[in-house]
Amino acid sequence: MRPYFENMPEFGKELKKGALKRTEENLAEIRKAEAEIAEAVEKVKNAGFPTEKINARGQMTVWQRLEYLVDPGTWCPLHTLYNPADNAEGTTSVIDGLGKIEGRWAVIIGFDNKVMAGAWLPGQSENILRVTDLAKRLNTPLIWLVNCSGAKLPEQEKFYANRRGAGTPFFRHAELAQMGIPVLAGIYGTNPAGGGYQSISPAVLFAHKNCNIAVGGAGIVSGMAPKGHFDTETAETIIEKARHFKSVPPGRVEIHYNETGFFRYVFEEEKGVLDGLKEYMGKLPAYDPEFFRVAAPQPPKFSTEEIARLLPLAQKTVYDFDEILSRLTDGSQHTEFRPDYGPEVYTGLIKADGFLLACIGNRQGYLGKDYPEYADYPGFGGKLYRQGLIKMNEFVTLCGRDRIPIVWLQDTTGIDVGDDAEKAELLGLGQSLIYSIQQTDIPMMLVVLRKGSAAAHYVLGGPTANRHNAFTLGTVATEIYVMHGETAAVATYSRRLVKEKDAGCPLEPVIEKMNALAQDYYNKSRPLFCARNGLVDEIVNLADLRKYITAFAGAAYQNPKSICPHHQMILPRIIRG
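Parameters and conventions
Residues numbered from 1 in each chain as written. Predicted model: local features only at pLDDT ≥ 70, side-chain atom pairs only at ≥ 80, totals over all residues. Heavy atoms only, no water. Helix = DSSP H or I, 4+ residues; strand = E, 2+ residues; numbered from the N terminus. Rg over C-alpha atoms; globule rule 2.2 N^0.38 Å. Buried < 20%, exposed > 50% of the residue type's maximum accessible area, 1.4 Å probe, protein only. Contact = heavy atoms within 4.5 Å. Areas by Shrake-Rupley, 256 points an atom, 1.4 Å probe, with all protein chains shown as cover. Pairing = 2+ DSSP bridges. Phe/Tyr/Trp six-rings, centres within 6.5 Å; stacked < 30°, edge-to-face > 60°. Lys NZ or Arg CZ within 6 Å of the ring centre and 35° of its normal. Core = buried A, V, L, I, M, F, W, Y, C linked by side-chain atoms within 4.5 Å. Domains from an automatic or database assignment. Axes fitted to C-alpha atoms, helices over the stretch in contact; angles between N-to-C directions. Salt bridge = Lys/Arg side-chain N within 4 Å of Asp/Glu carboxyl O. Polar contact = N/O pair within 3.5 Å; in protein donor to acceptor, adjacent residues only side chain to side chain. Parallel < 35°, antiparallel > 145°, perpendicular 65-115°, else oblique. Left-handed = near helix turned anticlockwise from the far one by under 90°. Patch = residues over 30% accessible without salt bridge, like charges linked within 9 Å, V, L, I, M, F, W, Y side chains within 5 Å.

## A look at the overall build of the protein
If you tally the helices and strands in the protein, you get 23 helices and 20 strands. For a compact globule of 577 residues, the expected C-alpha radius of gyration is about 25 Å, and the protein comes in at 26 Å, within 12% of that figure. For the protein, buried positions account for 54% of its 577 residues. A separation of at least 24 residues holds for 77% of the contacts in the protein among residues at least 6 apart in sequence. Of the roughly 26000 Å² of accessible surface on the protein, a fraction of 53% belongs to carbon and sulfur atoms.

The structure is reproduced here in structure tokens:
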């Protein structure tokens with residue numbers, strides 16, 4: 001299949017001096033917005049005790065452990081800003097992402113031992129579920145850096161129970177093991193109760209000499225038998241027990257290495273634990289990348305730094321989608337599927353690090369005379385019409401058949417509406433696309449370049465495709481809402497305006513409410529809001545999008561559940577005709 005893949009058609013063009021000058025203001029705005037995101041990330045990294053204080057205790061921070069463990073240049077963080085319960089700590093106290101260890105991709109997560117010694121906080125269990133789902137979707141190992149002091153007890157009702165509460169990850173670990181996906185844990189510090197189960201639920205346990213894991217910790221054991229109230233006698237008893245268990249905590253290394261054998265290895269140094277994880281990662285199943293590569297890896301012809309010039313922050317400004325894509329693909333090459341049909345949507349095959357990927361994205365701007373063909377109004381990119389939905393159904397189905405992972409690049413205002421759109425079956429075609437996605441069983445990733453709106457956000461590979469969407473990225477231009485705030489204000493208050501007008505009442509109070517609702521929509525669609533509430537898994541610098549796409553490709557092809565030999569693929573042949 002070399003004629004199909006080695007030298008795909010090139011696309012994109014070099015930015016001329018005029019374009020560079022014209023985009024200078026947008027570039028400055030993008031850089032300023034990305035700096036604001038970086039500042040928020042830095043606050044998360046600095047949460048809790050200072051690094052120096054942790055190091056003075058003879059411990060590494062989770063960030064230092066990650067830096068030592070992960071192959072240089074491969075770390076792709078996720079959920080850094082995720083904080084759906086708006087914890088005072090500014091974090092869910094777990095840090096995670098995709099990275100290579102000893103040349104193999106893994107999903108990696110660790111408790112932030114600077115924040116309450118890695119305690120369970122509200123929102124943390126949901127964060128962990130996203131991580132276990134990612135390992136499941138990509139069929140890659142899950143690596144844990146466990147350092148969990150238990151629960152933040154004053155807020156236990158916010159995360160302890162419920163269907164997706166703090167115990168759910170332990171069931172997910174069991175599910176991964178039953179699927180043949182290894183979960184490895186490097187264990188540090190004191191890990192009682194939930195921390196104990198977090199330690200025991202992985203498949204192989206690598207322990208630091210000073211760690212312990214237990215059903216209950218010193219604090220729990222000390223308070224096992226109160227009278228139903230506390231008095232001086234009870235307090236003295238608690239003090240005595242607490243002192244004992246502080247010096248001799250339950251579940252020490254001598255218990256779980258010598259007696260139970262739960263710890264497979266114990267290490268004197270913190271880095272020894274990480275070296276053990278590295279050694280085992282080198283032993284886990286993984287195809288050599290050459291097994292799946294369709295061509296030698298090569299960088300794009302054009303710099304990824306130029307994307308910040310090409311993607312306007314102004315939501316209504318039109319841009320050339322193809323120019324952005326050409327800066328994300330190997331050699332700035334692609335093969336487009338049905339370019340003369342459904343012009344509002346790009347569908348095609350691209351390469352990242354030599355791996356074959358499918359790509360679907362929203363084109364922008366005026367779509368030409370007599371389109372959509374079913375209506376007498378003009379079509380504009382960003383919106384989905386009949387042909388585009390049909391094309392995506394075909395393309396996604398063929399990607400599933402050929403086992404090609406999909407990258408979605410979304411910037412959508414929604415699906416066309418009105419009687420003409422209903423007659424054109426758009427409602428059914430949108431659900432058909434959901435059906436097509438659901439039956440593929442292939443990994444997908446989503447980048448919300450700018451707008452994610454209405455049901456189009458779902459059908460364009462949205463995070464609601466839980467079995468397929470591995471992760472969703474946002475940019476500093478991302479907005480996600482059910483509809484634009486001004487549209488929502490009209491939909492909410494239009495009848496009220498009519499009633500007030502007919503009654504001869506002043507319209508200003510209603511107008512104030514409309515403006516307030518529009519502003520609320522705006523505030524709750526900002527990139528930081530999207531990241532903190534999990535609408536996206538990470539806000540990524542535009543220049544780093546290719547890095548994440550490359551990581552996704554490498555992880556998806558590392559040990560896939562099923563394959564289609566290159567010479568048996570049908571999609572490239574359909575494109576060529």
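Structure shown, so let's carry the discussion forward.
## Looking at the pairing of strand E7 (residues 204-208)
Most of E7 is tucked away: five of the five residues are buried. Every second residue of E7 is oriented toward a common face, with Val204, Phe206 and His208 on one face and Leu205 and Ala207 on the other, all of them buried. When E7 meets strand E9 (residues 265-267), the two strands line up parallel, connected through three bridges. Opposite Ala207, over in E9, you have Val266 as the bridge partner.

## Focus: the packing of aromatic side chains
A full pass over the atoms with the stated rule returns 20 aromatic pairs. Members of the aromatic cluster, connected to one another through ring pairs, are Phe111, Trp120, Trp144, Phe170 and Tyr197. Taking the ring centre of Tyr341 as reference, the NZ or CZ of Arg338 above it sits at 3.9 Å. When the ring centre of Tyr4 is taken as reference, the NZ or CZ atom of Arg576 above it lies at 4.1 Å.

## Digging into the sheet that holds strand E18 (residues 469-474)
On the basis of which strands lie adjacent, the open sheet formed by seven strands has the order E10-E11-E12-E14-E16-E18-E20 and mixed pairing. The open sheet has two edge strands with one neighbour each: strand E10 (335-336) and strand E20 (538-539). As defined by bridge partners, strand E16 (residues 444-448) adjoins E18 across five bridges and the pair is classed as parallel. Within E18, the residue paired with Val448 across the bridge is Gly474.

## A short note on the nonpolar core
By size, the foremost hydrophobic cluster in this structure holds 131 residues, and its most contacted members are Trp144, Trp408 and Phe471. Both of domain 1 (48-215 + 250-281) and domain 2 (289-478 + 536-576) provide at least three residues apiece to this core. Contacts of Phe471, omitting those with residues within four sequence positions, involve Leu78, Leu98, Leu134, Met444, Met445, Leu446, Asp537, Tyr548 and Phe552. If you look at the next biggest cluster of nonpolar residues, it comprises 23 residues, including Ile95, Phe267, Leu274 and Tyr280.

## Here we look at the domain arrangement of the protein
Partitioning the protein into domains gives domain 1 (48-215 + 250-281), domain 2 (289-478 + 536-576) and domain 3 (484-525). Between the C-alpha centres of domain 2 and domain 3 the distance comes to 35 Å.

## Topic: the sheet that holds strand E1 (residues 76-78)
Within the open sheet, the seven strands sit side by side as E1-E2-E3-E4-E5-E7-E9. Their pairing is mixed. Unpaired on one side and paired on the other, E1 and E9 mark the two borders of the sheet. Taking the axes of each pair of neighbouring strands and ignoring which way they run, one obtains an average angle of 20° across the sheet. Taken together, the eight bridges between strand E2 (residues 94-101) and strand E3 (residues 104-111) define a ladder with antiparallel strand orientation. For Asp96, the partnering residue across the bridge sits in E3 and is Ile109. Lying on the sheet, helix H12 (residues 270-281) is in contact with E2, E3, strand E4 (142-146), strand E5 (183-187), E7 and E9; it crosses E7 at an angle near 160°.

## Notes on the pattern of salt bridges
Following the criterion strictly, the structure yields 35 salt bridges and no others. Of the charged contacts, one joins Arg130 and Asp537 as a salt bridge, the two residues approaching to 3.1 Å between their closest N and O atoms. Residue Arg130 is found in helix H6 (residues 124-138), and its partner Asp537 is found in the loop between helix H21 (527-532) and E20; the two are separated by 407 residues along the sequence. Overall, the relative accessible area of 8% leaves Asp537 in the buried class. When salt bridges with common partners are traced through the structure, they connect Lys13, Glu306, Glu323 and Arg327 into a single cluster.

## A short note on the side chain of Asp96
Along the chain, Asp96 turns up in strand E2. Among the polar contacts listed, one links the side chain of Asp96 to the side chain of His79, at a separation of 2.7 Å. For Asp96, the residues in contact, after removing those within four places along its chain, are Trp75, Pro77, Leu78, His79, Ile108, Ile109, Asn127 and Val131.

## Side note on the environment of Glu269
Of note, Glu269 is situated in the loop between E9 and H12. When the C-alpha atoms of Glu269 and His208 are compared, they prove to be 6.8 Å apart, with 61 residues separating the residues in sequence.

## Quick look at the packing of helix H19 (residues 485-502) against helix H20 (residues 508-523)
The interhelical angle for the contact between H19 and H20, taken along N-to-C directions, is 165°, at an axis separation of 8 Å. Between H19 and H20, the interaxial angle falls into the category roughly antiparallel. Relative to H20, the crossing made by H19 is right-handed. Judged by residue contacts, Gly485, Glu486, Ala488, Ala489, Val490, Thr492, Tyr493, Arg496, Leu497 and Glu500 of H19 engage Val510, Lys513, Met514, Leu517, Ala518 and Tyr521 from H20.

## Describing unusual backbone geometry
For residues that are not glycine, phi is negative in most cases, and the peptide bond is trans in most cases. Of note, the amide linkage connecting Tyr371 to Pro372 takes the cis form, showing an omega dihedral of 5°. Along the polypeptide, Pro372 turns up in the loop between strand E12 (355-362) and strand E13 (383-384). Located in the positive-phi region is Ala193, a residue other than glycine, with phi close to 55°. Here Ala193 is to be found in the loop between strand E6 (190-192) and helix H8 (194-200). Note on Ala193: relative accessible area 22%, which makes it partly exposed. Residue Asp441 is not a glycine yet carries a positive backbone phi of 55°.

## A look at a nonpolar patch on the surface
Taken together, the side chains of Tyr197, Ile200, Val215 and Phe262 make up a nonpolar region of the molecular surface, amounting to roughly 390 Å² of accessible area. With respect to the helices and strands, the residue Tyr197 is situated in helix H8.

## Focus on the packing of helix H5 (residues 62-69) against H12
Contact pair H5 / H12: the axes reach a minimum separation of 10 Å and the direction vectors enclose 45°. What the angle tells us is that H5 and H12 run oblique. Crossing of H5 over H12 shows right-handed handedness. Within the contact between the two elements, H5 uses Arg65, Tyr68 and Leu69 and H12 uses Glu270, Lys271, Leu274, Asp275, Leu277 and Lys278.

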